[in-house]
Amino acid sequence: MAAMPRFRTADKGTDTGKHPVDETLPPLKMFTSGLQHVAAMYAGVVAPPMIVGPAVGLSATETAFLMGASLFTAGIATLLQTLGFWKIGAKLPFVNGVSFAGVTPMIAIGKGEGDNAIPIIFGAIIVAGVLGFLAAPYFGKLVRFFPPVVTGTVITLIGVSLLPVAFNWSQGGNSQATDYGSMTNIGMAALTFVIVLALRKLLRGFLQQIAILLGLVAGTLIAIPVGITNFDAIKNADLVGFPTPFHFGAPQFEVAAIISMCIVMLVCMTESTADMLALGKIVGRPADQKTIEGGLRADTLGSAISPLFNGFMCSAFAQNIGLVAMTKVRSRFVVAAGGGILILLGLCPMLASVIALVPLPVLGGAGIVLFGSVAASGIQTLAGAALEKGENALIVAASVGIGLIPIAAPEFYHAFPKDLLVVLDSGISTGCVVAIILNLAFNHLGKKENAEEPLVTTGAEPVAVH
């Protein structure tokens, strides 16, 4: 009979028959290691609601509520991934949170909808989550249609599409304000930008991982004497509170919005599949088809139930994979502890309001680095996309060109039907559709020898791509 495999534990250095992924650590180390994961992903979780809230007309207090809800739902999604039940969950040290891929499409959905914006967005996410859950068992067969030439293009467009948001924040966020674009606002954005870059250069290890978070803290402290910090949100916040189900109203279902979010869901599922494959290699438990199916079910179920608690679409956080590789702590229960911490943070509205204290110019300065890093991650993925083969370079050129239309010429589609604008006004959605179609045309329906291998790695760990 073959001997049982032995594994070395993370804390005692002794051999055990339990795989490090299933290892439980002492309570203190479990908590501190989990907190480290939370710190690494924190800025990425709260940034999407900080972008979407003001864009759809929410007040500072409502935006703070949205951030707290996002922390809460990210915790639920992370627990689904790490602990799991039935056939749900990858049961790997896999962190889930709000996906950046949905930000631009959600803003496009919210344009002109007034008080209905959030309910329509939530309705679309629910449907996309349910459909994604049903498609999870079959998605593995579709991964070959999302090679690096497609995913790299989409990730690049995510970063580039979000950069104008950072530029607007850097000017003050409100074009009608008298100080919009003032030297004070742009100066604070520039100072924060420099601080973040300096911290990334000077710090090492874990502190370097949270350089953006530290930069936001430093920028906010400097902004207080400058006089551009607004304390209204924290004054009205409770110490303890629960994300009231459907706080913004019952979900509404519009076909165009649903189509747009379903496209985003496909992008998220592709990213998560790549992340599971990469993480499986790092922790020594390769992700097989069963693992990927369970992980995608957790992703999509988390997304489907997030709107119930006022949260957005959930996806994998790639930067936490880098943290697992760096710390060598492979226990999924450590990440589950991080999920529990996220839930507790989401139940503290005052804490979410503290985040809302960050002035928009400060957030803009850090956002340039944050969103630029997302674009850089996409470019790094494209570097491994065999652009010298066949028409892959043409696929990227055409897809990026179409995807940039809403950014470079916001009124380009103004004469099109309103329902189509929900998709067309999102460069991510249109660029993704074009990339998929062209990849099919050139690499699958055309010369088979030019087809790429399926996506097997993330290529890079962006600061926040989810």
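First, a word on scope: everything that follows refers to the structure included in this document. Just so it is clear, the model here is predicted, and its values are computed rather than measured. (Residues numbered from 1 in each chain as written. Predicted model: local features only at pLDDT ≥ 70, side-chain atom pairs only at ≥ 80, totals over all residues. Heavy atoms only, no water.)

A closer look at the environment of A298
The condition that has to hold: By definition, any uninterrupted DSSP run of H or I lasting at least four residues is a helix, any uninterrupted run of E lasting at least two residues is a strand, and each is numbered from the N terminus. A 1.4 Å probe rolled over the protein chains alone gives each residue an accessible area, and that area as a share of the maximum for its type sets the label: buried under 20%, exposed over 50%, partly exposed in between. Whether two residues touch is decided by their heavy atoms; if any such pair falls within 4.5 Å, the residues are in contact.
One can find A298 in helix 11 (residues 289-305). With a relative accessible area of 0%, A298 lands in the buried category. With 16 residues separating them along the chain, A298 and C314 place their C-alpha atoms 9.3 Å apart. Excluding anything up to four places from it in sequence, A298 contacts L80, Q81, I88 and G89.

Quick notes on the pattern of salt bridges
This is how the line gets drawn: Any carboxyl oxygen of Asp or Glu within 4 Å of a side-chain nitrogen of Lys or Arg constitutes a salt bridge here.
By the definition in use, this model includes 2 salt bridges. Two residues, D22 and R332, come together in a salt bridge whose shortest N-O distance is 2.9 Å. A residue pair is termed long-range when its members are at least 10 positions apart, and D22 in the loop between strand 2 (15-16) and helix 1 (27-55) and R332 in helix 13 (residues 332-346) qualify at 310 residues. Each of D22, R285 and R332 takes part in a single network of salt bridges with overlapping partners.

Quick look at the packing of helix 2 (residues 60-82) against helix 11
Quick reminder of the rule: The convention used is that axes are lines fitted to C-alpha atoms, helices contributing only their stretch in contact, and that angles between N-to-C directions extend from 0 to 180 degrees. Our angle categories are set so that under 35 degrees counts as roughly parallel, over 145 as roughly antiparallel, 65 to 115 as roughly perpendicular, and the remainder as oblique. By definition, turning the near helix anticlockwise from the far helix through less than a right angle yields a left-handed crossing, and turning it clockwise yields a right-handed one. Following the grouping adopted for this structure description, the nonpolar residues are Ala, Val, Leu, Ile, Met, Phe, Trp, Tyr, Cys and Pro, the charged ones are Asp, Glu, Lys and Arg, and the polar ones are all others, Gly among them.
Closest axis-to-axis distance for the helix 2/helix 11 pair is 9 Å, and the angle between their directions is 160°. By the angle class used here, helix 2 and helix 11 are roughly antiparallel. Crossing of helix 2 against helix 11: the hand is right-handed. Across the interface between the two elements, I76, A77, L80 and Q81 of helix 2 pack against G295, A298, D299, L301, G302 and I305 of helix 11. Of the residues belonging to the contact of helix 2 with helix 11, the class tally is 6 nonpolar, 3 polar and 1 charged.

So, the packing of aromatic side chains
What counts here: Note on aromatic contacts: the rings of Phe and Tyr and the six-membered ring of Trp form a pair at centre separations within 6.5 Å, being stacked when their planes are under 30 degrees apart, edge-to-face when over 60 apart, and tilted otherwise.
Evaluation of the coordinates by the stated rule reveals 5 aromatic pairs. Here the aromatic rings of F65 and F248 are separated by 5.9 Å at their centres, their planes lie at 75°, and the arrangement is edge-to-face. With a gap of 183 residues between them, F65 in helix 2 and F248 in the loop between helix 9 (232-235) and helix 10 (255-283) connect regions that are remote in the sequence. Residues F412 and Y413 carry aromatic rings whose centres are separated by 5.0 Å and whose planes lie at 85° to one another, so their mutual orientation is edge-to-face. Y413 sits in the buried class, given a relative accessible area of 8%. What links up through ring pairs into an aromatic cluster is the set F412, Y413 and F416.

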